[in-house]
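Breakdown of the fold
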Amino acid sequence: MQSILKFTYFCRMILTDTHTHLYAEEFDLDRDQMMQRAILKGVSRFFVPAVNSTCTQAMYELEEKYPENVFLMAGLHPCYVKENYQEELVHIENQLSGRKFTAIGEIGIDLYWDKSTLGIQKIAFKHQIQLAKKYKLPIVIHCRESFDEIFEVLESERSDDLFGVFHCFTGNFEQAQQAISLNMKLGIGGVVTFKNGKIDQFLHQIDLKHLVLETDSPYLAPVPFRGKRNESSYVYLVAEKLASVYGVSIETVARITTENSKAIFGI
Ligand SMILES: [Zn+2]
């Protein structure tokens, strides 16, 4: 009886995965089962970032199949900023003018994979920030080995209508404060469960109202699945870790972070 009660209560908790690549080919064999597993765990809101135009069709199909659960972004990921980036930006503008999106993402700068494209990465990032302002949408930032460069662009665009999520936040306390001062929530995922993840050491100094949960699935699976395929149901493990960092219940973490996601995405 107790387990039934617990299960019912558990299902009432709403967890939000603010960053999940549901269309990734890693899920081609079991996508529906994977999503059902997540929904059973209380993860019923999936925010899906784009990387470039090749994923657009698959994203629309997912949204059509799960209209209550799947919310789409449009955007050009910094690792896909190549010679054709201007065509990709036109594709995004066409998408934005044609229908509703919940955010521009994921966008930003990545100096881990390719430093040679820094110039055009910056141009594409700034351009997409301006599109977000035009369409009154939040941005979802991808930052890898590029905090200084990202902040340089963000500071040049600082304004009340700039807001969003610093996805997979891995910075230090000062960088967290700067991101928050730029109207950004910090996207917390599997890294917070890693032994060398570092952010768990200062997170308690940051109010839960500034955090949202994410997986970045199929990447960055939390402990004990580190190194394996990640999936949205594992948001539960991130929430559990935050509950212990903040000394609150997992239900409290779910409620506050889902409210935060609604405040950003308007849905
Ligand atoms: Zn991502």
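Reference entry: report on the structure contained in this document. (Residues numbered from 1 in each chain as written. Predicted model: local features only at pLDDT ≥ 70, side-chain atom pairs only at ≥ 80, totals over all residues. Heavy atoms only, no water.)

1. Comments concerning the overall build of the chain
When its secondary structure is counted, the chain shows nine helices and eight strands. For the chain, the spread of C-alpha atoms along the principal axes amounts to about 60 × 40 × 35 Å. Burial statistics for the chain: of 267 residues in total, 55% are counted as buried. For the chain, the computed accessible surface area is about 12400 Å², with 53% contributed by carbon and sulfur atoms. A distance of 6 Å separates the average location of the 28 positive side-chain charges in the chain from that of its 34 negative side-chain charges. (Helix = DSSP H or I, 4+ residues; strand = E, 2+ residues; numbered from the N terminus. Buried < 20%, exposed > 50% of the residue type's maximum accessible area, 1.4 Å probe, protein only. Areas by Shrake-Rupley, 256 points an atom, 1.4 Å probe, with all protein chains shown as cover. Lys, Arg positive; Asp, Glu negative; His and termini not counted. Charge placed at Lys NZ, Arg CZ, Asp CG, Glu CD.)

2. Focus: the coordination of the zinc ion
Around the zinc ion, the protein supplies His19 (NE2), His21 (NE2), Glu106 (OE) and Asp216 (OD) as donor atoms, at distances of 2.1 to 2.5 Å. Each of the four donor atoms bound to the zinc ion contributes to angles spanning 87 to 175°, and the resulting shape is irregular. (Donors = N, O, S within 2.8 Å, 3.2 Å for Na, K, Ca; no water. Tetrahedral: all angles 85-135°; square planar, octahedral: opposite > 155°, others 65-115°.)

3. Re the side chain of Asp216
Mapped onto the elements, Asp216 comes out in the loop between strand 8 (211-213) and helix 8 (235-246). In this structure the side chain of Asp216 is engaged in a polar contact, spanning 3.2 Å, whose partner is the side chain of His21. Those residues in contact with Asp216 that lie beyond four places of it in its chain are His19, His21, His167 and Asn230. (Polar contact = N/O pair within 3.5 Å; in protein donor to acceptor, adjacent residues only side chain to side chain. Contact = heavy atoms within 4.5 Å.)

4. Quick notes on the pairing of strand 5 (residues 139-144)
Summarising burial for strand 5: five of the six residues are buried, a large majority. Sheet analysis places strand 4 (residues 103-110) next to strand 5, joined by six bridges and oriented parallel. Bridging across to strand 5, Ile109 finds its partner in Cys143. Taking the sense of rotation as the criterion, the β-α-β connection linking strand 4, helix 5 (residues 118-134) and strand 5 turns out right-handed. Relative to strand 6 (residues 164-166), strand 5 runs parallel, the two being bridged by three bridges. Its bridge partner lying in strand 6, Ile141 is registered against Phe166. Note on the crossover from strand 5 through helix 6 (residues 147-156) to strand 6: the handedness is right-handed. (Pairing = 2+ DSSP bridges. Right-handed = clockwise from strand over helix to strand, strands pointing away.)

5. A word on the packing of aromatic side chains
This model, assessed by the stated rule, comprises ten aromatic pairs. Summarising the aromatic geometry, the rings of Phe47 and Phe265 are spaced 4.1 Å apart at their centres and angled 15° between planes, so their arrangement reads as stacked. Residue Phe47 is located in strand 2 (residues 43-48), and its partner Phe265 is located in helix 9 (residues 250-265); the two are separated by 218 residues in the primary sequence. Summarising the burial analysis for this pair, Phe47 and Phe265 share the class buried. Each residue in the set Phe147, Phe151, Phe166 and Phe169 is aromatic and connected to the rest through ring pairs, giving one cluster. Directly above the ring of Phe101 sits Arg99, whose terminal nitrogen or CZ lies 4.4 Å from the centroid. A cation sits over an aromatic face here: Arg144 above Tyr112, 3.6 Å from the ring centre. (Phe/Tyr/Trp six-rings, centres within 6.5 Å; stacked < 30°, edge-to-face > 60°. Lys NZ or Arg CZ within 6 Å of the ring centre and 35° of its normal.)

6. Some remarks on the sheet that holds strand 2
Within the open sheet, the eight strands sit side by side as 1-2-3-4-5-6-7-8. Their pairing is parallel. The sheet is open, and its two edges are formed by strand 1 (15-17) and strand 8, each paired on a single side. Across the sheet, the mean angle separating the axes of adjacent strands is 30° when strand polarity is ignored. Both strand 7 (residues 184-188) and strand 8 contribute to a ladder of three bridges, which runs parallel. The residue bridging Ile188 from the neighbouring strand is Leu213, located in strand 8. The sheet strands contacting helix 5 are strand 4 and strand 5, and the helix crosses strand 4 at an angle near 160°. (Axes fitted to C-alpha atoms, helices over the stretch in contact; angles between N-to-C directions.)

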